[in-house]
Amino acid sequence: LAKTTQPISMDSYEGQEVNITCSHNNIATNDYITWYQQFPSQGPRFIIQGYKTKVTNEVASLFIPADRKSSTLSLPRVSLSDTAVYYCLVGAPMDSSYKLIFGSGTRLLVRP
Amino acid sequence: NAGVTQTPKFRILKIGQSMTLQCTQDMNHNYMYWYRQDPGMGLKLIYYSVGAGITDKGEVPNGYNVSRSTTEDFPLRLELAAPSQTSVYFCASIPGGTGGDEQYFGPGTRLTVT
């Protein structure tokens, strides 16, 4: 299983763009990269998923370089409500054993 | 669809007691997961299942048991509860087998063992 490494915490201000990078040096060919957001006392919530290059949805963008050994979650113009823990996961949905392991996550604090 | 439901929401157990945490999903998902999350920490995978009749251990399976007799249900059994099992327990499911799958999480069960 590919192990992921993320910064423990990040600080930002409202209106700024926030980029959170995740390292996954031993990512396998079939692995996808998925990011989740978690607020206190709630289960994680899916943000975005990608395999390579760039993926964008209504809340975030995910940048994956050609070697796929890292990925960057980009949150445009954050607000106070984006204060949460963000997790990067790596796994292969097509495998018969889709064992999804969460890392320690990145605690993002957005200040006014 | 109700999504992933968990019962109970809260429970206090005495040391040595047993209980079953219930998890049900109505999305016909193949893959289901149990995680625990201690205060201020990340999620740890306890057990997971890739289909009815198939279960496997995660990172922290000791002290727990699971079964998957139907696609919908994935109960987690705690035998001989210990204070170290005080945690919030989350159940999750995904369709499985194709790309682009997101995990759907239940609201969690907050368990205290005293």
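Since the structure is predicted, the reported quantities are computational estimates derived from the model, not experimental observations.

A. Representation of the overall build of chain A in the model. Within chain A, the secondary structure is distributed over 0 helices and 9 strands. Tracing chain A from N to C terminus, the helices and strands come up as β-β-β-β-β-β-β-β-β. Against the compact-globule benchmark of 13 Å for 112 residues, chain A has a radius of gyration of 14 Å, which places it among compact chains. Expressed along its principal axes, the backbone C-alpha trace of chain A runs to roughly 45 × 30 × 25 Å. For chain A, contacts bridging at least 24 residues in sequence account for 56% of all contacts bridging at least 6. Carbon and sulfur atoms form 50% of the exposed surface of chain A, whose accessible area is close to 5,600 Å². In chain A, 10 positive and 8 negative side-chain charges are present, and the distance between their average locations comes to 4 Å.

B. Main features of the interface of chain B and chain A. Contact residues are listed per partner, giving 27 residues for chain B and 23 residues for chain A. Viewed at the interface, chain A and chain B are joined by 4 residue pairs in polar contact (both at pLDDT 80 or more). Among the secondary structure elements, those contributing two or more residues to the side of chain B that touches chain A are strand 4 (31–37), strand 5 (43–51) and strand 9 (87–94) of chain B. Tallied by class, the residues present in the side of chain B that touches chain A amount to 11 nonpolar, 11 polar and 5 charged.

C. Layout of the environment of Y13(A). All names here are of chain A. When you line up the elements, Y13 lands in strand 1 (residues 9–13). A sequence separation of 64 residues divides Y13 from R77, and the C-alpha atoms of the two residues are 8.9 Å apart. Setting aside residues no more than four positions away along its own chain, Y13 makes contact with V78, V110, R111 and P112.

D. Fine view of the state of the cysteines. If you walk through the whole model with that rule in mind, you get 2 disulfides over all chains. Through a disulfide, C22(A) is tied to C88(A); the S-S separation comes to 2.2 Å. As the torsion about the S-S bond is roughly -75 degrees, the C22(A)-C88(A) disulfide counts as left-handed. Placement of the pair is C22(A) in strand 2 (residues 18–23) and C88(A) in strand 8 (residues 84–91), with a sequence separation of 66 residues. Assigned by exposure class, C22(A) and C88(A) land together as buried. Linked covalently through their sulfurs, C23(B) and C91(B) form a disulfide whose S-S length is 1.8 Å.

E. Broad picture of unusual backbone geometry. Residue T7(B) is joined to P8(B) through a cis peptide bond whose omega torsion reads -5 degrees. As for its placement among the helices and strands, P8(B) is situated in the loop between strand 1 (4–7) and strand 2 (10–13). At S41(A), a position not held by glycine, the phi torsion is positive, near 65 degrees. Here S41(A) falls in the exposed class, since its relative accessible area comes to 58%. For R68(A), which is not glycine, the phi torsion reads 60 degrees and is therefore positive.

F. Up close: the sheet that holds strand 4 (residues 45–50) of chain A. Residue and element names in this part refer to chain A. Taken in spatial order, the 5 strands of this open sheet run 1-9-8-3-4, and their pairing is mixed. Every interior strand has two partners, whereas the edge strands, strand 1 and strand 4, have only one. If you compare each strand with its neighbour and ignore which way they point, the axes differ by 25 degrees on average. Here strand 3 (residues 32–38) pairs with strand 8 via 7 bridges, running antiparallel. Paired with W35 across the bridge in strand 8 is C88.

G. Spotlight on the sheet that holds strand 1 of chain B. Residues and elements named next belong to chain B. Reading across from one edge, 1-3-8-7 is the order of the 4 strands in this open sheet, with antiparallel pairing throughout. Lying at the two open borders of the sheet, with one neighbouring strand each, are strand 1 and strand 7 (64–66). Pairwise comparison of adjacent strand axes, ignoring direction, gives a mean angle of 20 degrees for this sheet.

H. Structural detail: the pattern of salt bridges. Counted by the stated rule, this structure contains 3 salt bridges over all chains. Of the charged contacts in the structure, one is a salt bridge between R111(A) and D11(A), with a shortest N-O distance of 2.6 Å. Of the two residues, R111(A) is situated in strand 9 (residues 106–111) and D11(A) in strand 1; the sequence distance between them amounts to 100 residues. Here R77(B) ties to E79(B) by a salt bridge, and the two come within 3.1 Å at their closest N and O atoms. Residue class for E79(B) comes out partly exposed when judged on its relative accessible area of 36%.

About the criteria used
- All residue numbers here refer to positions counted from 1 along the written sequence of the relevant chain.
- Chains and ligands are labelled by the order in which they are written, letters from A for the one and numbers from 1 for the other.
- Per-residue local features of the predicted model are confined to residues with pLDDT of at least 70, and side-chain atom pairs are confined, for both listing and counting, to 80 or more; whole-chain, interface and lining totals are unaffected and use all residues.
- Excluding hydrogens and water, the side-chain values take into account all heavy atoms of the structure.
- Strands here are runs of E lasting at least two residues and helices are runs of H or I lasting at least four, both read from the DSSP assignment and numbered beginning at the N terminus.
- Our radius of gyration looks at C-alpha atoms and nothing else; its globule reference is 2.2 Å times the residue count to the power 0.38.
- Two residues form a contact once any of their heavy atoms are found within 4.5 Å.
- Per-residue accessibility takes into account occlusion by the displayed protein chains alone, with areas from the Shrake-Rupley method and a 1.4 Å probe.
- As used throughout, the charge tally considers Lys and Arg to be positive and Asp and Glu to be negative, leaving His and the chain termini uncounted.
- Throughout, a charge is located at the NZ atom of Lys, the CZ atom of Arg, the CG atom of Asp or the CD atom of Glu.
- In the analysis that follows, any N or O atom pair within 3.5 Å is treated as a polar contact, provided that within protein one partner can donate a hydrogen and the other can accept it, and provided that, for residues neighboring in sequence, both atoms belong to side chains.
- Residue type decides the class: Asp, Glu, Lys and Arg count as charged, Ala, Val, Leu, Ile, Met, Phe, Trp, Tyr, Cys and Pro as nonpolar, and the leftover types, Gly among them, as polar.
- Any two cysteine sulfur atoms within 2.5 Å of one another count as a disulfide.
- Burial classes follow relative accessibility: with a 1.4 Å probe on protein chains only, a residue under 20% of its type's maximum area counts as buried, one over 50% as exposed, and anything between as partly exposed.
- A pair of strands is labelled paired if DSSP reports no fewer than 2 bridges between them.
- A fitted line through C-alpha atoms serves as each axis, taken over the contacting stretch for helices, and the angle formed by two N-to-C directions is quoted from 0 to 180°.
- We define a salt bridge as a contact between a side-chain nitrogen of Lys or Arg and a carboxyl oxygen of Asp or Glu at a distance within 4 Å.

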